[in-house]
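# Residue-level structure breakdown
These are the residues of each chain, in order.
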Amino acid sequence: MDSTFTLLDLGWQAYFQQQLSLDDLESNRIARICAFNSNQYELVGEFGFFH
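## Let's talk about the sheet that holds strand β2 (residues 40–45)
- Spatially, the three strands line up as an open sheet ordered β1-β2-β3, and their pairing is antiparallel. Either end of the sheet is taken by a strand with one partner, and the two such strands are β1 (31–37) and β3 (48–50). Pairwise comparison of adjacent strand axes, ignoring direction, gives a mean angle of 25° for this sheet.
- Where β2 lies against β3, three bridges are found, and the strand directions are antiparallel. Looking at β3, one finds that V44 is bridged to F49.

Conventions we followed
Residues numbered from 1 in each chain as written. Predicted model: local features only at pLDDT ≥ 70, side-chain atom pairs only at ≥ 80, totals over all residues. Heavy atoms only, no water. Pairing = 2+ DSSP bridges. Helix = DSSP H or I, 4+ residues; strand = E, 2+ residues; numbered from the N terminus. Axes fitted to C-alpha atoms, helices over the stretch in contact; angles between N-to-C directions.

Take a look at the structure:
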């Protein structure tokens, strides 16, 4: 199963990018929270799932 996504697949919009500096975009991975279990978030980003 292919678990890679584009930012558009994850609901990314130009509005979100306008809220970030270029440094923010270069030094952080953009992800979306897809689940919360006890005290841990599960995230999905362009490179798949992580927590």
